[in-house]
Amino acid sequence: MKLFSFGKETQELNPKPVAPPNVGLIEYKLSTQEMDYVWRCINNVKEGRKDANMKPRLAGNIKSSYLLNDRNEWFFNNTIQPLCNKYAEWFRNVGKKFPARQYHPYYMPDMWVNYQREGEFNPVHDHSGIYSFVIWMKIPYTHEEQNRNPIAAGSNSKKIGVFEVTYSDLLGAHQSWGFQMDPKMEGTMLFFPASLHHVVYPFYNCDKDRISVSGNVMINTAKVVNDPYPQLGSIYHEGATF
């Protein structure tokens, strides 16, 4: 480190970076067992059922979205709840300040599959609840081939087919972070706070569906946890004092 003189004194400067705490995302690769289970959920969808149609509840401008049945909450118990705990360990328990006098467990009230065709998209949006996730089940294109499209030529922001999150940084400036889609991303989940805004850009010149699964984690106020020291990653912490 350089030495600087101030009058008759010489001082060695010792700068250090300071990064205020912030939240982030978890990227997780599903196991073969988890992928097989999610595919079974997808294949069991009764597309003719009116109550299975999720489109009226979602922001997506896409072909179709159908509600999935997480039988006996297998996926929540074995995959999602452990990720709630891990998120609390690595970042913070996002639901900790929920204004309740008691402890309530997290649960996953809905999970759905999305079928997206070329030219379709999800506009910038967020989700209800505390946490959300997306799993890419089938990606029928690569980022490189999609961005050979003439409309991307010369662009310094090649986002055809990209999944992107948007947020404000410490200075309040708008920032974005993109995930380039490729078949190698199949079986990958992103787990993040439900209020994090994100967008799914359209893809082109591909006649196959892009298939993804999403879900939300919320609080089950119908249940009360009496354990005085609950696992804060998977349980809402007592919040405001009234």
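Residues numbered from 1 in each chain as written. Predicted model: local features only at pLDDT ≥ 70, side-chain atom pairs only at ≥ 80, totals over all residues. Heavy atoms only, no water.

**Some thoughts on the environment of methionine 189**
With respect to the helices and strands, the residue methionine 189 is situated in strand E10 (residues 188–193). Along the sequence, methionine 189 and methionine 137 sit 52 residues apart, while their C-alpha atoms lie 9.2 Å from each other. (Helix = DSSP H or I, 4+ residues; strand = E, 2+ residues; numbered from the N terminus.)

**Considerations on helix H2 (residues 74–90)**
The terminal C-alpha atoms of H2 lie 24 Å apart, and with 17 residues this matches the ideal 24 Å at 1.5 Å per residue to within 8%. At isoleucine 80, H2 is deflected by roughly 35°, the largest bend along its length, and proline proline 82 occurs up to four residues later in sequence. Listed as buried for H2 are Phe75, Phe76, Thr79, Ile80, Leu83, Cys84 and Tyr87. The secondary structure elements touched by the buried residues of H2 are strand E3 (26–29), helix H1 (32–43), strand E5 (104–116), strand E7 (131–138), E10 and strand E12 (210–219). (Expected span 1.5 Å × (residues − 1). Bend = angle between axes of the 7 residues up to and from the residue. Buried < 20%, exposed > 50% of the residue type's maximum accessible area, 1.4 Å probe, protein only. Contact = heavy atoms within 4.5 Å.)

**Looking at the side chain of serine 132**
You can see serine 132 is positioned in strand E7. Judged by relative accessible area, serine 132 falls into the buried class, the value being 0%. Polar side-chain contacts of serine 132 include one of 3.3 Å to the side chain of histidine 127. Look past the residues within four positions of serine 132 in its chain and what remains in contact with it is His127, Leu190, Phe191, Phe192, Pro193, Ala194, Gly215 and Asn216. (Polar contact = N/O pair within 3.5 Å; in protein donor to acceptor, adjacent residues only side chain to side chain.)

By themselves, these observations are geometric and do not establish any function.
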